[in-house]
Amino acid sequence: MTKNTFLAAMAAPLLATALPAAADADYRAKAITVIKKDFQPRGQASTDRLAEDGLQAVCNRSGNQPPDYITKRIEADQLAGVKYPADGKLIGDWKSGEKLAQSGRGFTWTDDPGLPVGGNCYNCHQISPKETSFGTIGPSLFQFGKLRGNSADIQKYVYSKIYNAKAFNVCSEMPRFGHAGALGEKQIKDLVALLLDPESPVNK
Amino acid sequence: MRRHLMSSLCAMLVAGGVTAQTPKKPAVKATVKPQVATPVTEEKDAATLEFEKFRAEMEDSNPAELFEMKGEEQWKTPRGPKNVALADTCDLGQGVGKVEGAYVKMPRYFADADAVMDAERRIVWCMVEKQGFKFDDIAKKPFANANFTPDVTNLVTYVAGHSRNMKIAVPLKDPKVLEAWKIGQEMAAYRAGPYDFSCNTCHGSDGKRIRMQNLPNISTAEGAIKGVQGWPGYRMTGGVMLTHQWRMGDCFRQQRFPQPKYASDAVAYLLTYMIGNANGQVYKGPGIKR
């Protein structure tokens, strides 16, 4: 399909032979058989979601720690797939970003696929100090911009990271929001603003 | 979710039939939280303690007991097209009709079914094979909603009640059970779907939260028992009695996966992994969940 899938598909067999995988191949194969047999579509969650894409397969086979040469290739490939706004503007409205960061909806079998998807950000990250109900799977993003500034490079990094977290950390726990089609250009811009705008409560 | 807890507790106490045991401690409304930017572990603990306190106060009138009683009656009464009682026909691994300690020793391998089965799957198997119910009829509406509680849920709750305060003892020495555990372990690590999530994304390491909800690490005994404790449970959200099978499905929902089939190998193997990891921990019986 994409260059990304192609590379990862090439990397996966390499990985299988190059090192003893962290995952036990026999039980992993049995697990995949069971998963394919014992799930049914419901709502928008169709069974094609059960198939690994190339990157997922590499992470699953290696216990989320593929060797460096594979990591570098896949990360570069994921980064190459990031689509930037045509107007070159990467920063939007932090207030809209905050609303989006609050919402955890989308993609489950109970979600209406016609409605927009949330950013899910507070599920895993501390962000604005006003929201004290935040998760800890990801690092705190409080004062993200205050600590790093608001340069063009930082903006590009944050936009890219939200678009595809795996471009920087191949087996990151964070979803690839742009790549997955969950968040569009405007939404990612608004989240960049939430983290980087000096007026955002994140940086106060 | 957290912020809705106390209000839903209140709603339940008012609407439900348990007003007699209204906790003396005033149900604290979602208080305005202090604006601090540091991790709020103290606050999290306070919230958890609040719920624990409530749960303790509910112990004398645990709503799950109502379902245990219904389940006991259904266990002992001849039912189904074959008009036999599970008490006279169903072997949960401890001998026909024996429920004492059966729940904490499942999942286990059952030769008559040639399958590793968790408690709910085994009870369904008995209902189909012994009583003559149709699997598809049971699987059509396997879990409770506001207006309906499946018989299986009552039965599971009854059986689980007879393992109260017993140690979890999944027979992992049985090679078939061990194989199920190993497949379950791989399933828990399997990342897929639009968000690249696996079970382990949330439940594979210590001390993580989604929002204010603590996430047990099911690879450890201490974490795994938290994933087992309180199921089957009377859930505040919606006021319904739900089983461990239901909970596994809800995890997959949030993982953005499709739905695991009811009473399937997939769920049985994952339960073998999680409950097996909790071996040696004390199961407190059917409970109350947020």
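Counting starts from 1 at the beginning of each chain's written sequence and moves along it residue by residue. Following the order in which they are written, the chains are lettered starting with A and the ligands numbered starting with 1. Local features in this predicted model are restricted to residues of pLDDT 70 or higher, and side-chain atom pairs are both shown and tallied only at a pLDDT of 80 or more, whereas totals for entire chains, interfaces and linings draw on every residue.

Caption draft 1: How the structure looks around the overall build of chain B. For the purposes of this entry, the term helix denotes a DSSP run of H or I that reaches at least four residues, the term strand denotes a run of E that reaches at least two, and both are numbered from the N terminus. When its secondary structure is counted, chain B shows 12 helices and 10 strands. Counting other C-beta atoms within 10 Å of each residue's C-beta, where C-beta atoms are placed from the backbone, gives the exposure class: buried for 20 or more, exposed for 12 or fewer, partly exposed between. Counting the 290 residues in chain B, one finds 45% classified as buried. Here the contacts in chain B between residues at least 6 apart in sequence split such that 69% fall between residues at least 24 apart. In this description, a residue-residue contact is defined by the distance between C-beta atoms placed from the backbone, which must lie within 7 Å.

Caption draft 2: Region of the structure containing the sheet that holds strand β6 (residues 230-235) of chain B. All names here are of chain B. For two strands to count as paired, DSSP must find a minimum of two bridges between them. Spatially, the three strands line up as an open sheet ordered β7-β6-β10, and their pairing is mixed. Strand pairing shows two members of the sheet lacking a second neighbour, β7 (240-242) and β10 (286-289), which therefore form its edges. Pairwise comparison of adjacent strand axes, ignoring direction, gives a mean angle of 30° for this sheet. Pairing analysis gives four bridges linking β6 to β10, with the strands arranged parallel. What sits directly across from Arg235, in β10, is Lys289. Axes here mean lines fitted to C-alpha atoms, for a helix over just the part in contact, with angles spanning 0 to 180 degrees between N-to-C directions. Across the sheet, helix α7 (residues 151-161) lies against β6, β7 and β10, angled at about 125° from β6, the strand it touches most.

Caption draft 3: How the structure looks around the interface of chain A and chain B. At the interface, 43 residues of chain A touch 39 residues of chain B. At the level of elements, α2 (25-37), β1 (39-40), α3 (54-61) and α6 (121-124) of chain A are the ones that each hand at least two residues to the side of chain A that touches chain B. At six residues, α2 of chain A tops the list of elements feeding residues into the side of chain A that touches chain B. Here the term charged refers only to Asp, Glu, Lys and Arg, the term nonpolar to Ala, Val, Leu, Ile, Met, Phe, Trp, Tyr, Cys and Pro, and the term polar to all other amino acids, Gly among them. Split into classes, the residues belonging to the side of chain A that touches chain B amount to 21 nonpolar, 12 polar and 10 charged. Where β1 of chain A and strand β8 (residues 259-260) of chain B come together, two bridges link them in antiparallel fashion. Paired with Phe39 of chain A across the two strands is Pro260 of chain B, which belongs to β8 of chain B.

Caption draft 4: Structural view of the nonpolar core. In this structure, Ile123, Val159, Met187, Val228, Tyr269, Leu270 and Met274 of chain B are the most contacted members of the largest nonpolar core, which totals 61 residues. Where this core is concerned, the elements lending two or more residues are α2 of chain A together with β2 (115-117), α5 (119-129), α7, α8 (175-189), α10 (221-228), α11 (244-254) and α12 (265-277) of chain B. Per-element accounting of this core gives the leading share, nine residues, to α12 of chain B. Setting aside chain neighbours within four positions, we find Met187 of chain B in contact with Ala31, Val34 and Ile35 of chain A together with Ala266, Tyr269 and Leu270 of chain B. Within the second largest apolar cluster, 30 residues are counted, among which are Phe107, Leu141, Ala182 and Leu183 of chain A. The term nonpolar core means buried Ala, Val, Leu, Ile, Met, Phe, Trp, Tyr and Cys residues held together as one set by C-beta atoms within 7 Å.

Caption draft 5: Main features of helix α9 (residues 185-196) of chain A. Residue and element names in this part refer to chain A. Over its 12 residues, α9 extends 16 Å from the first C-alpha to the last, a length consistent with the 16 Å expected when each residue adds 1.5 Å. Judged by how many residues are buried, α9 sits mostly within the fold: 10 of 12 residues are covered. Burial in α9 covers these residues: Gln187, Ile188, Lys189, Asp190, Leu191, Val192, Ala193, Leu194, Leu195 and Leu196. In this structure, the buried side of α9 is in contact with α5 (94-102), α6, α7 (144-148) and α8 (152-163). In a helix, the anticipated span is given by 1.5 Å times the number of residues less one.

Caption draft 6: Highlighting the confidence of the model for chain A. One number per residue, pLDDT, summarises how confident the predictor is, and it ranges from 0 to 100. When pLDDT is averaged along chain A, the result is 92, and 89% of the positions lie at 70 or above. In this model, residues 16-21 of chain A is a region of pLDDT below 50 whose contacts with residues beyond four sequence positions or in other chains number seven contacts.

Caption draft 7: How the structure looks around the packing of α5 of chain B against α7 of chain B. Residues and elements named next belong to chain B. Packing of α5 against α7 brings their axes to within 10 Å, and their N-to-C directions diverge by 120°. Taken together, the axes of α5 and α7 are oblique relative to one another. The two elements α5 and α7 meet at a crossing, and its hand is right-handed. Across the interface between the two elements, Ala119, Glu120, Ile123 and Val124 of α5 pack against Val152, Leu155, Val156, Val159 and Ala160 of α7. Residue composition of the contact of α5 with α7, by class: eight nonpolar, no polar and one charged. For classification purposes, an angle smaller than 35 degrees is called roughly parallel, one larger than 145 roughly antiparallel, one from 65 to 115 roughly perpendicular, and anything else oblique. In this scheme the handedness of a crossing depends on how the near helix is turned from the far one: anticlockwise by less than a right angle means left-handed, clockwise means right-handed.

Caption draft 8: Main features of the domain arrangement of chain A. Residue and element names in this part refer to chain A. Partitioning chain A into structural domains gives domain 1 (3-80) and domain 2 (94-203). Of the residues lining the interface, 13 residues belong to domain 1; the matching set on domain 2 comes to 12 residues. Secondary-structure elements contributing two or more residues to the side of domain 1 that touches domain 2 are α3 and α4 (68-80). In terms of residue count, the dominant contributor to the side of domain 1 that touches domain 2 is α4 (five residues). In terms of residue class, the side of domain 1 that touches domain 2 is made up of six nonpolar, five polar and two charged. As annotated, the domain borders come from an automatic or database domain assignment.

Caption draft 9: Main features of the packing of α10 of chain B against α12 of chain B. Residues and elements named next belong to chain B. Their axes nearest at 7 Å, the elements α10 and α12 cross at an angle of 120°. The angle between the axes of α10 and α12 places the two elements in the oblique class. Touching Ala221, Ala224, Gly227 and Val228 of α10 are Met274, Ile275 and Asn277, all from α12. A class-by-class count of the residues in the contact of α10 with α12 yields five nonpolar, two polar and no charged.

Caption draft 10: Geometry of the environment of Arg28 of chain A. Residues and elements named next belong to chain A. On the secondary structure map, Arg28 appears in helix α2. Assessed through the 21 C-beta atoms surrounding it within 10 Å, Arg28 is described here as buried. Counting along the chain gives 88 residues from Arg28 to Pro116, while the straight-line C-alpha distance between them is 35 Å.

Caption draft 11: Up close: the confidence of the model for chain B. Residue and element names in this part refer to chain B. Chain-level pLDDT for chain B is 86 on average; 82% of the residues reach the 70-or-more range. Low pLDDT, under 50, characterises residues 1-44; the predicted model gives this stretch 49 contacts beyond four residues in sequence or across chains. On the interface metric, ipTM, the complex scores 0.90, and its pTM is 0.86.

Caption draft 12: View of the pairing of β6 of chain B. Residue and element names in this part refer to chain B. Counting buried positions along β6 yields six of six residues, so the element is predominantly enclosed. Two elements, β6 and β7, share three bridges in a ladder whose sense is antiparallel. When the sheet's bridge partners are listed, Gly233 is paired in β7 with Leu242. Following β6, the chain reverses through four residues before pairing antiparallel with β7; Gly238 in that reversal takes a positive phi of roughly 95°.

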